[in-house]
Amino acid sequence: MIDHDNLEEYRDPINYDLEFGGETNKYNFYLDIARLNPGEVWELACGTGLTTIHLSKSGIHITGLDIYSSMLEYARVKAQGLPVDFIEADARTLDFEKRFPMIYLAGNAFQAFLREEDQRALFETVYKHLEPNGLFVFETRTPLGTDLSNQEESIWGKFIDKDGIKVKVSGTQSYDSSNQIMHWVTFHD
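Residues numbered from 1 in each chain as written. Predicted model: local features only at pLDDT ≥ 70, side-chain atom pairs only at ≥ 80, totals over all residues. Heavy atoms only, no water.

A. The packing of helix H2 (residues 24-36) against helix H3 (residues 50-57), seen in detail. Two elements in contact, H2 and H3, have axes separated by 9 Å at closest approach and are oriented at 55°. In terms of orientation, H2 lies oblique with respect to H3. Crossing of H2 against H3: the hand is right-handed. Counting all contacts with H2, which are made through Thr-24, Tyr-27, Asn-28, Tyr-30, Leu-31 and Ala-34, the residues of H3 involved are Leu-50, Thr-51, His-54 and Leu-55. Residue composition of the contact of H2 with H3, grouped by class: 6 nonpolar, 4 polar and no charged. (Axes fitted to C-alpha atoms, helices over the stretch in contact; angles between N-to-C directions. Helix = DSSP H or I, 4+ residues; strand = E, 2+ residues; numbered from the N terminus. Parallel < 35°, antiparallel > 145°, perpendicular 65-115°, else oblique. Left-handed = near helix turned anticlockwise from the far one by under 90°. Contact = heavy atoms within 4.5 Å. Nonpolar A, V, L, I, M, F, W, Y, C, P; charged D, E, K, R; others polar.)

Here it is, written out as structure tokens:
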């Protein structure tokens, strides 16, 4: 049983960008694919628009979708003057008339869809909104069998936060084999 909303790390969009921003190679991966699939692109779970804005600055007509309003508010501030649209909605249930030649899900966002029914609903949304012969691109972690274990706290990285303070990021993991869900607890010190 999951006793939280799984969205804790998205409550502070500025520090989220400082911790996870700057992955230009990843952004360019999606940009290159978008250039091969002309037309408007749709990013699901776009968060603060790290990838969405990069594609928009490169001339791609793009719409970003996210469920978390504070992330989208910050994305809109960062995207002022760019031809990008942001929609606040749930990727599992949104249904509108647009279809896209390319839909993508970046930044391991797929792992936030914890249950099989959530994943199925996400794929149904993608299917409904892809043009014929459209392309769905996403990334996710693919742990080795040895990674599916309980692990004590270890250092995962560091960044300088919005107040200029060095933040050490660490975490623990525990695997719920009956539900096939990996639980990570992240600490920002």
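B. Here's a closer look at the environment of Leu-55. Relative to the assigned elements, Leu-55 resides in helix H3. Look at Leu-55 and you get buried, because its relative accessible area is 0%. Through-space distance from the C-alpha of Leu-55 to that of Ala-34 is 8.3 Å; in sequence the pair is 21 residues apart. Residues within four places of Leu-55 in sequence aside, it is in contact with Tyr-27, Tyr-30, Leu-31, Ala-34, Ile-60, Ile-62 and Tyr-104. (Buried < 20%, exposed > 50% of the residue type's maximum accessible area, 1.4 Å probe, protein only.)

C. Seen up close, the pattern of salt bridges. This model, assessed by the stated rule, comprises 7 salt bridges. A salt bridge links Asp-118 to Arg-115; the nearest nitrogen and oxygen atoms lie 3.9 Å apart. Residue class for Asp-118 comes out buried when judged on its relative accessible area of 12%. Each of Asp-90, Arg-92, Arg-115 and Asp-118 takes part in salt bridges that share partners, so that together they form one network. (Salt bridge = Lys/Arg side-chain N within 4 Å of Asp/Glu carboxyl O.)

D. Region of the structure containing unusual backbone geometry. Phi is positive for Ala-45, close to 55°, though the residue is something other than glycine. Considering the arrangement of structural elements, one finds Ala-45 in the loop between strand S1 (41-44) and H3. In this model, Asn-133 sits at a positive phi of 65°, which is unusual for a non-glycine residue. You can see Asn-133 is positioned in strand S5 (residues 130-138). Of the residues examined, Asn-133 reaches a relative accessible area of 80% and is grouped as exposed.

E. Region of the structure containing the nonpolar core. By size, the foremost hydrophobic cluster in this structure holds 19 residues, and its most contacted members are Leu-55, Phe-86, Met-102 and Tyr-104. For this core, the secondary-structure elements that each account for two or more residues are H2, H3, helix H4 (69-78), strand S3 (84-88) and strand S4 (100-105). The element contributing the most residues to this core is H2, with 4 residues. Leave out the neighbours within four places in its chain, and Phe-86 touches Cys-46, Gly-49, Thr-52, Ile-53, Gly-64, Leu-72, Ala-75, Arg-76 and Ala-79. Residues Leu-65, Leu-94, Leu-105 and Phe-113 belong to the second largest nonpolar core, which totals 15 residues. (Core = buried A, V, L, I, M, F, W, Y, C linked by side-chain atoms within 4.5 Å.)

F. Representation of the environment of Ala-75 within the structure. If you trace the backbone, Ala-75 turns up in helix H4. Considering only alpha carbons, one finds Ala-75 and Thr-52, 23 residues apart in sequence, at a separation of 8.9 Å. Discounting residues that sit within four places of it in the chain, Ala-75 has contacts with Gly-47, Thr-48, Gly-49, Ile-53 and Phe-86.

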